[in-house]
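# Understanding the architecture of this molecule
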Amino acid sequence: MDALALLAIFALLLVVAWVVVTPLRREAATRAAAREEADRQDLEAARDAKYREIRDAELDLQTGKLSQEDWRALDRQLRAEAVEILRRLDELE
Amino acid sequence: MDPARKRRFRLVAALTAALVLAGGLVYTSFSAGSPAKTPSELLASAEAGGSYKLTGKVVDGSIRHEGDTLLFSVRDRDGTTSVPVSYTGSVPDPFREGREIIVTVSRGAGDTFVAEKDSLVTKCPSKFEAEDDAASDMS
Amino acid sequence: MATVGRAALLIALLICAYGVIAAIYGALSGRREWVESARRSVYALAIALTVAFGILEFAFLRSDFSFAVVAGHSSTSTPTFYKASAMWSSQEGSLLLWVWLLSLWSSLVVFLTRRRMREVVPWATAVLLGYGAFFTALLVFAVSPFETLAQPPADGAGLNPLLRHPAMMIHPPMLYSGYTLFAIPFAFAVGALIAKRVDAEWIRSTRRFALGAWLVLGIGIILGARWSYNELGWGGYWAWDAVENASLMPWLTGTAFIHSVMIQEKRGMLKVWNVSLVLATGILCVLGTFLVRSGILDSIHAFGASTLGVPFVALIAGMSLGSIALVVWRRGLLRSEHRLDSLLSREAMFLLNNLVLVAMCFVVFWGTFFPLISEAVTGEETSVGPPWFSRYTVPLALVLVLLSGIGPLIAWRRATATNLRRTFAIPVTCGVVAFLALLFVPGVPQKPLALAMFALAAFVAGTVGQEIWRGTRARRAMTGEPLPLAVTSLVRRNRRRYGGYLVHLGIVVLFVGVAASSTFQTAHDSRMSPGDTVRVDGYDVRYVRATAEVGDDPSGTGAMLSLGAVLDVSKDGRHVTTLRPARSFYPSNSTASGPVEWLVGGEPTSEVAVRSGPLKDFWTAVNPDMTRFQEIIDQGDKAVAADIPEMQQPMVAFRLLRDVIAPNYVENPPPAMFRMISSPLVAWIWIGSLIAIGGGLIALWPAPDAARRRATATLRARVAQDLGRA
C-alpha cells in the first residue's frame, strides 16, 4: 500500500470521526422535551391538514359537488374540529 | 339495517368477492401454465397437444434457415440429448449456438417440435451482464 | 487506489454499525446527543460511499484494467459515455450504486427532518443504517468491487452492446433511486410504530417521500420500457418479465398508499392498512433488487445461482416477519378513529381504488412467482405467459380508469346526491360520444376491451377538463383574474388536487396508447432481398439496397461493423419515409477467435429504425442471414492467419473487413429477415408518461412559504372567530 493511499484513508477516517463525534460533546436534552415537541408538531400538522380540508370543501362547493346546505354543514363541522385542534395546541403552551 | 350491520355486511361481501377472484386466479394459473422441461424430459414425457417451455442450449452447427422458418436443435445443459425445433418469429439478439434458451413448443409432425411464434427467449450469456430490464424478445 | 476503495467500504460498514447502535441507544435513553451522532453517521456514510463510488467510477473512466470489475465490463473501445455507466452493469458496481443512492437520499431525509419527528427519527435512522450495513457488508465480504488483478489485461471485455443506449445509462440510477427512496417511508413506518407516533406528522412526511419515490420509480419503469422498444429487436415495450414485474409491484402498492393515506389524514381510518402498504412497498423494493440478481426465476435473467441469494432471502424474510410483528404489537395504536361517512364519498372511491391496485399487485406477484409456487405444489415448474397477465390486469385497469374518472367528481366526506347528475353530465357524455364515434372506426367494435378503454379515457378526460374549467370559473368569479392567470393560480393553490388530476390524465393517455398499440398492431416478418417489396398495414415497404459501415458507428456505441438496409416506405404511391435498420457487430473478447472474427464476433445488437408519429409508429428491424457471411469471415480468418505475421494481423483484418468483406455484402447481399410492426398510438405512451410526471411534480412541489402563511392566516382568522365565540 503506497503512502498516498494510506494518507487518503487516514484523511477519510478523520473526517468521518469528526462528523460523527461532534454532537457527543454538546449538551443533552431531556426526553420529555422531545415528546412535547413531537406533540406540538403533530398538532400543527393536524391543524394544517384540517385547514386544507376546509379549503378543499370550499373548492368542492365551487365546482358543484356540494349543495349550499351540505357545504355549510360540512364547513361548520370542519371548523369545529379545527377549533378543537387549536385549543389543544393552546393547552400545550 | 343499522349502520354496524351494514358495515359488516359490506366487509363480508368484499372479502367474499376477493376470495372468489383470488380463487379464480389461482385455478386458472395452474391450467394456463406451461411446464418447464429439458430436452430429455420433453422426449420422455411430452404429450401431444400440450405446450411446454423447453430449456436448454442451442446445439452447435444446428442453426438453419428455411424460408421464414428457423430450425435449430436444443440439447440438455449438461448432456447430449437434443430435440429439433422449428421456429418462426422474432429472434433475440443474443441468440447463437451454445447459448441457453427458453422456447415454448408443442409436439409437431414426426420428431420435430413446433415452437409458438415469438416465444424464443435467450438468456444473457454471463453473470449479471444485462441490466434490470434487458427484456430480450419475449412476446 | 483500490485499497482506498476497500478501506472506504469498510469504514462505511463500521459507520453503519456504530450508527445503528448510537441511534437505538439514543432513542431508549432519551439522550439526544447520541441520536444526533447517529444522524451525523448518515452523512458520514454518504461521504465514505461517495469516496468509494468516485474511485470506482474514476477507474472505469480511466479504463484501469487492474480493477477486475473494469476489466470485466468495460474496454478501451467502449465509448466514454458508456464507460461511466458500465460501472453499474456489474453486480458489484450496481450494489455500490444502490447503497450510495440510499446514503444520499437518507442524508437528505435526515437533513429535512432535523427539527421534526424527534421520537421517530432515531428508529428510522437505525433502520436506514441497518439497510446500509447489509449492503456494505455484502460489498466488503461477498462481492467486492475493488478486487484487483495481478496481471491486468491489455483490454477489457467491453460493455454489453445491448446496454449502449442513453436510456440504459439513466434507467438503473432512476430505478434504484425509486427503490431506495421507498426505503425511507419504510424506515419511518417502522420508527413510527416503535415510537407510537402514527399520526398527522407521520402522514405529512411519509406522503411526501412516498410521492417522490413513486415518481422516480415510475420514471425508471418507463425508461426501461422505452429502451426495450427502441433498442431490442422484438418491438415491444413490456413483456411481463419477472424483473419488469418486480419493479411494477412496489409502484402499484405505492400508488395505493398515496391515495389511502389521504383517508387517514382526513378521517383517521385505515391506519393498519396504510402502515402495511408502506411496509409491503419497502419489502417489494428489496425483493425487486434481489430478483434481478438471484437467478431463482427462470427468465431471460437467469444469471445462474448467485452467492447473494441467501443473504437477500434472509433480509426479505426478516423485514417481512418484523413488519408483521410490529403491526400486531402496535395494533392498539392503529385503531380507526372514525368510520366511512358514506359510500358516496371520495374516501370510498379511494378505498375501491386501493382494492383494485392491491388486486393488480397480487396478480402480478402470483404470475411472477408462479414457477416457484407450482414447483412447490405440484413438483413441476410451470410458468404463465403474458396472455395470462393481460387477462387479469386489463379488466382491473379498466376499473381503475373508471374510478379515476368518478373520484374527482365526488366530494369528500359526503357528496350531495342531487348534484350528481349535473356533475356527471359532461364527462359521461364525453365517454358516450367517444364510444359511439369509435363504433364507426373499422376494427374497433371487434375489440370490446380496447373500446371500453378508449371510452373510459374520454370520460376521465372529460372529468379533468370539467374540474379545471369549473375551478377556474369559480376563481375568476372571486378574483376577476384573466383566464391563463386564473388557471395557474388555481393549480398553484391546489397542487395536490390538480397535480393529481394531471397524473390521472397522463396515466389514462398512457393506457390508451398501450391499448391501441397492443390491440391494433400489425406485425409482419418477411425474408427479403434488395428490390423486394412487402405490404404491411397499407404501407408498401421496398428493400432498396443493403448497407455496410465499418468502424464508423453513427449511433456512437462503438460498433465495428454495421450491416443494414435502406427501406423505402410509401403509402398509396406517396413516399412516407426512409428507414435504415441495421445490425451492429462488436469486437469479441475471446482469444480463440481468428483475427477477423475478433473484430465482429461479439454480441450483435439490432439498430431499430422507427418512424414515430402522433398516430402511428412504423417500426423495423433487420436480421441479415449470417450463414454465408460467417463463411466469408472464416475464410478471411484463415487467409489472414496463414499469410500475415501476428503483429500485423489486426490491421490487415480490419482492412480486409473494410475493403473487401463489407463492400461484398453491399454488392451481393444475402436475403435478410425483416420484422416490421405498425402500431397505432405508441407515442401516446411516452406523452402520457410525460403528462403524468408533470402532474406528479406539481403535486410534489412544496407551496412557497409566503403563500402558505397567507392561506393559513385567513383560515386562522375565521376559525379564531369560532374560538372566541365557543
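Not measured: the values here are computed from a predicted model. (Residues numbered from 1 in each chain as written. Chains lettered and ligands numbered in written order. Predicted model: local features only at pLDDT ≥ 70, side-chain atom pairs only at ≥ 80, totals over all residues.)

### A word on the overall build of chain B
Cut-off, in case you're wondering: Helix and strand labels come from DSSP, where a helix needs a run of H or I of at least four residues and a strand needs a run of E of at least two; each type is numbered from the N terminus. Three exposure classes are used. Buried residues have 20 or more other C-beta atoms within 10 Å of their own C-beta, exposed residues have 12 or fewer, and partly exposed residues fall in between, all C-beta atoms being placed from the backbone. A pair of residues counts as a contact when their C-beta atoms, built from backbone coordinates, are separated by no more than 7 Å.
Tallying secondary structure elements over chain B gives two helices and eight strands in all. Starting at the N terminus, the α and β elements of chain B follow one another as α-β-α-β-β-β-β-β-β-β. When burial is assessed residue by residue, chain B has 40% of its 139 residues classed as buried. When contacts within chain B are restricted to residue pairs at least 6 apart in sequence, long-range pairs at least 24 apart make up 46% of them.

### A short note on the sheet that holds strand 11 (residues 672–680) of chain C
Residue and element names in this part refer to chain C. The condition is simple: Pairing between strands is defined by DSSP: at least two bridges between them are needed. With axes taken as lines fitted to C-alpha atoms, and helix axes fitted only over the stretch in contact, angles between N-to-C directions fall between 0 and 180 degrees.
One open sheet accounts for four strands, arranged 2-11-10-9; its pairing is antiparallel. The outermost strands of the open sheet, each flanked by one partner alone, are strand 2 (522–528) and strand 9 (609–612). Sheet twist, expressed as the average angle between the axes of neighbouring strands with direction ignored, equals 15 degrees. Here nine bridges tie strand 10 (residues 616–624) to strand 11, and the two strands are oriented antiparallel to one another. Bridge pairing links W619 to I677 in strand 11.

### Description of the interface of chain A and chain C
Going by this rule: Three categories are distinguished: nonpolar for Ala, Val, Leu, Ile, Met, Phe, Trp, Tyr, Cys and Pro, charged for Asp, Glu, Lys and Arg, and polar for the others, with Gly belonging to the last.
With 47 residues of chain A in contact, the opposing surface of chain C contributes 54 residues. Elements represented by at least two residues in the side of chain A that touches chain C include exactly helix 1 (3–21), helix 2 (31–62) and helix 3 (68–92) of chain A. Sort the elements by how many residues they give to the side of chain A that touches chain C and helix 2 of chain A lands first, with 19 residues. Partitioned by chemical class, the residues of the side of chain A that touches chain C number 29 nonpolar, six polar and twelve charged.

### Brief notes about the domain arrangement of chain B
Quick note on the threshold: All domain edges in this entry derive from an automatic or database-based domain assignment.
When the domains of chain B are assigned, the result is domain 1 (1–32) and domain 2 (36–122). Here the C-alpha centre of domain 2 of chain B lies 42 Å away from the C-alpha centre of domain 1 of chain B.

### Let's talk about the environment of C:R267
Residue and element names in this part refer to chain C. In this fold, R267 is placed in helix 9 (residues 242–267). Linking R267 and R339, residues 72 residues apart in sequence, is a C-alpha distance of 7.6 Å. Ignoring any residue separated from it by four or fewer positions in sequence, one finds R267 in contact with E337, H338 and E347.

### Observations concerning the packing of helix 15 (residues 448–479) of chain C against helix 16 (residues 483–493) of chain C
Pairs of packed helices are described in terms of their axes, by the angle between the two and the distance that separates them. All names here are of chain C. For clarity, the threshold we go by: To sort the angles, those under 35 degrees are grouped as roughly parallel, those over 145 as roughly antiparallel, those from 65 to 115 as roughly perpendicular, and the leftovers as oblique.
Two numbers describe how helix 15 lies on helix 16: the axes approach to 9 Å, and their chain directions differ by 110 degrees. The angle between the axes of helix 15 and helix 16 places the two elements in the roughly perpendicular class. Here helix 15 contributes I468, G471, T472, R475 and R476 to the contact with helix 16, which in turn contributes L483, A486, V487, S489 and L490. Its residues assigned to classes, the contact of helix 15 with helix 16 shows five nonpolar, three polar and two charged.

### Re the arrangement of the chains
For this structure, the chain pair with the highest number of contacts among two pairs of chains in contact is chains A and C. Separated in space, chain A and chain B share no contact, their closest pair of C-alpha atoms being 20 Å apart.

### Let's talk about the confidence of the model for chain C
All names here are of chain C. The criterion, for reference: Think of pLDDT as the predictor's per-residue confidence, scored from 0 to 100.
Predicted confidence across chain C gives a mean pLDDT of 87, with 94% of residues reaching 70 or more. Mean pLDDT across the secondary structure elements of chain C bottoms out at helix 22 (residues 705–725), with 65, and peaks at helix 21 (residues 682–700), with 95. Note that residues 300–305 has pLDDT below 50 and, in this model, 21 contacts with residues that lie over four places away or in other chains. Across the assembled chains, the prediction reports ipTM 0.87 with pTM 0.90.

### Topic: the pairing of strand 5 (residues 561–571) of chain C
Residues and elements named next belong to chain C. Examined bridge by bridge, strand 4 (residues 539–550) and strand 5 share eleven bridges and lie antiparallel to one another. Along strand 5, the bridge assignment pairs A546 with A565. In terms of strand pairing, strand 5 meets strand 7 (residues 582–585) through four bridges, oriented antiparallel. Across the sheet, residue L563 finds its bridge partner in strand 7, namely R583. Strand direction decides the pairing type here: strand 5 and strand 6 (residues 574–579), joined by five bridges, are antiparallel. Among the inter-strand pairings, V569 is bridged to a residue of strand 6, identified as T577. A loop of two residues connects strand 5 with strand 6, the two strands running antiparallel in sequence, and D572 in this loop sits at a positive phi of about 50 degrees.

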